[in-house]
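Analysis of the macromolecular model
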Amino acid sequence: MQTAADRCAAFKALHEKGRAFLMPNPFDVGSARILDGMRFDAMATSSAGFAWTKGVRDAEGHITRDDALAHAADIVSATSLPVNGDLENGFGHSPEDVAETIRGAIEAGLAGCSIEDYTTDPQDPYYPLDQAVDRIKAAVDAKMSAAPDFVLTARSEGPVKTAFELDETIKRLNAFAEAGADCLYAPQLKDKDQITTVLAAVDRPVNILAGRKNFHLTRKELADMGVARVSIGAGLARIALGAFVAAAEDMKDGGAFGCFDRAQGMSDFESFMKARP
């Protein structure tokens, strides 16, 4: 039986430049069991995927720290794989808030987590750099005290459409690395040239988000570029709920039930579910 420390150590070891290990994101215990049965290297929670299971929107304050950590503990209990936590902005603006979230994440059995520099306020969306760095420093201090192998990922949420924006993102990522972050993540990165530029400019493992529309780089291409980790974010939850809506629309608008024919030939998921002893 793996301990929490074992999972942290195994997760940390996966973060090698050019490995591009795949870290899909379940949205509930059932989807976690499926991914566990398929034997991925690791998995991660999705703040959006979890929020949707609760009938609320992501990053609008509907999900509390306690909600997110209880969900994370449920996912951890459903798998023997290392689990990374999508813990938004750490559920508070101050460094102390972030440190409390990190301690809770370790207690929940997570092997790592990500902390965003997004404030949740659309009118003032990103923390000033100094404050963002102080928040990461507090996270690092908290994890080093409790679980040094816990993998802290620092996220820069800002846009990267222009050269200036990309430079600002790199500046933030490097500041987070200097503050002690183990892994770096800029979710807006999608273009191959931009990813290559970031990889050349930072000296920490980089996570790339692949679970979205119009992302056509393969895992091999990402590995060849030097990407350490590939996450899916809310992609699987979006596909699952999208298929649900499409089938419901077929029934409601068409008055027929051919939508269920689409399930024929699909992989059996029930084999991954816990059965009666």
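Anything mentioned here points back to the structure above.
Criteria and cut-off values
- Residues numbered from 1 in each chain as written.
- Predicted model: local features only at pLDDT ≥ 70, side-chain atom pairs only at ≥ 80, totals over all residues.
- Heavy atoms only, no water.
- Patch = residues over 30% accessible without salt bridge, like charges linked within 9 Å, V, L, I, M, F, W, Y side chains within 5 Å.
- Areas by Shrake-Rupley, 256 points an atom, 1.4 Å probe, with all protein chains shown as cover.
- Salt bridge = Lys/Arg side-chain N within 4 Å of Asp/Glu carboxyl O.
- Helix = DSSP H or I, 4+ residues; strand = E, 2+ residues; numbered from the N terminus.
- Axes fitted to C-alpha atoms, helices over the stretch in contact; angles between N-to-C directions.
- Left-handed = near helix turned anticlockwise from the far one by under 90°.
- Contact = heavy atoms within 4.5 Å.
- Nonpolar A, V, L, I, M, F, W, Y, C, P; charged D, E, K, R; others polar.
- Buried < 20%, exposed > 50% of the residue type's maximum accessible area, 1.4 Å probe, protein only.
- Core = buried A, V, L, I, M, F, W, Y, C linked by side-chain atoms within 4.5 Å.
- Phe/Tyr/Trp six-rings, centres within 6.5 Å; stacked < 30°, edge-to-face > 60°.

With respect to a nonpolar patch on the surface
A cluster of nonpolar residues, Met251, Phe257 and Phe260, forms a patch on the protein surface that exposes about 320 Å² of accessible area. Locating methionine 251 in the fold gives a position in helix α10 (residues 235-254).

Some points on the packing of helix α7 (residues 163-179) against helix α8 (residues 192-201)
Two elements in contact, α7 and α8, have axes whose closest approach is 10 Å; the angle formed by their N-to-C orientations is 35°. Crossing of α7 against α8: the hand is right-handed. On α8, the residues touching Leu166, Ile170, Leu173 and Asn174 of α7 are Gln194, Thr197, Val198 and Ala201. The residue makeup of the contact of α7 with α8, split by class, is five nonpolar, three polar and no charged.

Side note on the environment of valine 56
With respect to the helices and strands, the residue valine 56 is situated in the loop between α3 (47-53) and α4 (65-77). Overall, valine 56 belongs to the partly exposed group, its relative accessible area being 22%. With 43 residues separating them in the primary sequence, valine 56 and alanine 99 have C-alpha atoms 26 Å apart. Those residues in contact with valine 56, other than ones at most four positions away along the chain, are Ala51, His62 and Ile63.

Quick look at the nonpolar core
Among the nonpolar cores identified, the biggest contains 74 residues, and Leu87, Ile102, Ile136, Phe150, Ile195 and Leu222 are the most heavily contacted of them. In this view, isoleucine 136 contacts Ile115, Leu152, Ala154, Phe176, Ala179 and Ala181; residues no more than four positions away in its chain are not counted.

Regarding the packing of aromatic side chains
Here a ring pair, both rings aromatic, is described through the centre-centre distance and the interplanar angle of the planes. Counting across every chain of the model gives two aromatic pairs. Here the aromatic rings of phenylalanine 11 and phenylalanine 21 are separated by 6.1 Å at their centres, their planes lie at 80°, and the arrangement is edge-to-face. Taken together, the residues span a long stretch of sequence, with phenylalanine 11 in helix α1 (residues 4-14) and phenylalanine 21 in strand β1 (residues 21-23) at a distance of 10 residues. For the pair shown, phenylalanine 11 and phenylalanine 21 are each scored as buried.

Some details on the side chain of serine 156
Tracing the backbone through its elements, the reader meets serine 156 in the loop between β5 (151-155) and α7. For serine 156, a relative accessible area of 1% translates into the label buried. Leave out the neighbours within four places in its chain, and serine 156 touches Asp117, Thr169, Arg172, Leu173, Phe176, Tyr185, Ala186 and Pro187.

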